Amino acid sequence: MKKSVIALMALAGVAMATEPVTLTPLTEEGWSHTVRTGKTATWSQNATSGTLTLDNSNWSQTSATYDLATNLGGTLGFSVDITRGSVSGGVSFVLIGTEKSLTLGTKGYTDGTLFYGTSDNVTASSYYLNEAWENGTTMDSSSLLSSACNYNATATLTGSTAVNAEGNTILTLTASSTSADSTATVNIDLGKNFVLDKIMFCGDGANNATGIWTISNLSVTGTPVIPEPSTATLSLLALCGLASRRRRK
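Numbering of residues starts from 1 in each chain and follows the order in which that chain's sequence is written. Per-residue local features of the predicted model are confined to residues with pLDDT of at least 70, and side-chain atom pairs are confined, for both listing and counting, to 80 or more; whole-chain, interface and lining totals are unaffected and use all residues. Values reported for side chains reflect all heavy atoms of the structure, with hydrogen atoms and water molecules removed beforehand.

### Digging into the confidence of the model for the protein
Using the following cut-off: The predictor reports its confidence for every residue as pLDDT, a score running from 0 up to 100. Contacts are assigned to residue pairs that have any heavy atoms within 4.5 Å of one another.
Of the residues in the protein, 82% have a pLDDT of 70 or more, and the chain-wide mean is 81. Between residues 1–14, whose pLDDT stays under 50, and residues either more than four places distant or in other chains, the model counts 22 contacts. Segment residues 230–236: pLDDT under 50, and three contacts once partners within four positions in sequence are set aside and those in other chains are kept.

Structure follows, in structure tokens:
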């Protein structure tokens, strides 16, 4: 009976105490690339160097998505480098949670200013700070760091979360760049119980745009979140416990 109860707990996904883990998705399999509109868009991945490059986005809009095998919660942290390799193109780096998504990137083809925005839409196929396309979504944006993504410059984004007195997850985001004189730090409210579900990169290219962006050194740290058992499962576990007690008597 004891073994049966343990097996049921495993099937139910009872939350267990776990240690934080660090993911380096750019060195793993699991990225899916989608071209939505336009002529052509291609991504290339170098697992050895840990880079993901949008090689070509000639009047195209495309996304690369990485679904986490296990959602991450608790104290989250991330770091990523984004290098701009063309003056005509835009990019968004997106953290998608179970209830809210956060987009970091540029608003147009030629402006190197870095922006951020959040949305309650967590099911879109793309996220942009300029305009949405097809199944994408547009986010209200705020300026983060001017000239963060100048041509051939690298912007480094780092973030960590903490829960405030109201129970909301607050992300402290820091941005720096090889083309900027200083760093910028902002606090972003991600709502209650933010749990990271997937990571996405969205690219948007102008005419004859090639070698647009390279994403590297991406790492994400958090505590694996296992779904809590349903009420029915809890009832079943209780019945198993009673049956076990009766057997002992």
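### Section: the packing of aromatic side chains
Note the cut-off: Between 30 and 60 degrees the pair is tilted, below 30 it is stacked and above 60 it is edge-to-face, where a pair is any two Phe, Tyr or Trp rings, Trp via its six-membered ring, whose centres lie within 6.5 Å. Strands are runs of DSSP state E lasting at least 2 residues, helices are runs of H or I lasting at least 4, and numbering of each runs from the N terminus. Each residue's exposure class comes from its accessible area (1.4 Å probe, protein chains only) as a fraction of the maximum for that residue type: buried when under 20%, exposed when over 50%, partly exposed otherwise. Think of it as a cone above the ring: NZ of Lys or CZ of Arg counts as a charge over the ring if it is within 6 Å of the ring centre and within 35 degrees of the ring normal.
As enumerated under the stated definition, the model contains four aromatic pairs in all. Centroid distance phenylalanine 78 to phenylalanine 93: 5.7 Å. Interplanar angle 50°. Geometry classified as tilted. Within this pair, whereas phenylalanine 78 is found in strand 5 (residues 61–84), its partner phenylalanine 93 is found in strand 6 (residues 89–97), the two being separated by 15 residues in sequence. Like phenylalanine 78, the residue phenylalanine 93 is buried in the burial classification. An aromatic cluster of at least three residues, connected via ring pairs, comprises Trp31, Tyr66, Phe78, Phe93 and Phe201. Above the plane of the ring of phenylalanine 115 lies lysine 107, whose end atom (NZ or CZ) is 4.8 Å from the centre.

### With respect to empty space enclosed by the protein
As a reminder, the rule being used: Of the two site types, the cavity is a set of points on a 1 Å grid over the protein atoms alone where a 1.4 Å probe fits but cannot get out, and the pocket is an open set with protein on both sides within 12 Å along at least five of seven lines, each lined by residues with an atom within 4 Å of a point. Grid points are joined across faces, edges and corners, and a volume is the space filled by probe spheres set on the points. By the convention adopted, Pro, Cys, Tyr, Trp, Phe, Met, Ile, Leu, Val and Ala count as nonpolar, Lys, Arg, Asp and Glu as charged, and the other residues, Gly among them, as polar.
Enumeration according to the criterion identifies one cavity of 30 Å³ or more in this entry. The calculated volume of the largest cavity comes to roughly 80 Å³. Lining of the largest cavity is provided by Leu76, Gly77, Phe78, Leu95, Leu102, Thr161, Leu171, Leu190, Phe194, Leu196 and Val220. With three residues, the single largest contributor to the lining of the largest cavity is strand 5. Counted by class, the lining of the largest cavity contains nine nonpolar, two polar and no charged residues.

### Thoughts on the pattern of salt bridges
Where charged atoms from two side chains of opposite charge approach closely, those side chains can pair. What counts, and what does not: What counts as a salt bridge is simple: a side-chain nitrogen of Lys or Arg found within 4 Å of a carboxyl oxygen of Asp or Glu.
Counted under the stated rule, the structure contains two salt bridges. With its nearest N and O atoms 3.3 Å apart, the salt bridge here joins lysine 198 to aspartate 67. Of this pair, lysine 198 sits in strand 15 (residues 196–205) while aspartate 67 sits in strand 5, and the two are 131 residues apart along the sequence. A relative accessible area of 19% places lysine 198 in the buried class. Put simply, aspartate 120 and lysine 100 hold a salt bridge, and the shortest N to O gap is 2.8 Å. In this pair, aspartate 120 is assigned in the loop between strand 8 (114–119) and strand 9 (127–128) and lysine 100 in the loop between strand 6 and strand 7 (101–105), connecting sequence segments 20 residues apart. Among the residues examined, lysine 100 registers a relative accessible area of 16% and is labelled buried.

### Examining unusual backbone geometry
Located in the positive-phi region is asparagine 152, a residue other than glycine, with phi close to 65°. Within the secondary structure, asparagine 152 sits in the loop between strand 11 (142–145) and strand 12 (154–163).

### Quick look at the nonpolar core
Threshold: The definition of a nonpolar core used throughout is a set of buried Ala, Val, Leu, Ile, Met, Phe, Trp, Tyr and Cys residues joined through side-chain atoms within 4.5 Å.
Membership of the largest hydrophobic core comes to 44 residues, with the highest contact counts inside it found for Phe93 and Leu157. Per-element accounting of this core gives the leading share, eight residues, to strand 5. When neighbours within four sequence positions are excluded, leucine 157 is seen to be in contact with Phe78, Ser79, Val80, Ile82, Phe93, Leu104, Leu114, Leu144, Leu173, Thr174 and Ala175. Among the nonpolar cores identified, the runner-up in size contains 10 residues, and Ile96, Leu129, Met139 and Met200 belong to it.

### Here's the deal with the pairing of strand 6
Basically, it comes down to this: One bridge is not enough; two strands pair if DSSP finds at least two bridges between them.
Of all the nine residues making up strand 6, nine are buried; the element is thus mostly covered by neighbouring parts of the structure. Covered by surrounding structure in strand 6 are Gly89, Val91, Phe93, Leu95 and Gly97 together with Gly90, Ser92, Val94 and Ile96, the residues of both alternating faces. Where strand 6 meets strand 15, nine bridges bridge the pair, whose relative direction is antiparallel. Residue pairing across strands places valine 91 opposite glycine 203, the latter belonging to strand 15. Relative to strand 7, strand 6 is paired through five bridges, and the arrangement is antiparallel. Within the sheet, the bridge partner assigned to isoleucine 96 lies in strand 7 and is serine 101.

### Points about the pairing of strand 7
Of all five residues in strand 7, five are buried; the element is thus mostly enclosed. Here strand 7 shows no split at all, with Ser101, Thr103 and Gly105 on one side and Leu102 and Leu104 on the other all buried. Linking two consecutive strands that pair antiparallel, namely strand 6 and strand 7, is a turn of three residues. As judged from the five bridges shared by strand 7 and strand 8, these two strands associate in the antiparallel manner. Counterpart to serine 101 in the pairing with strand 8 is serine 119.

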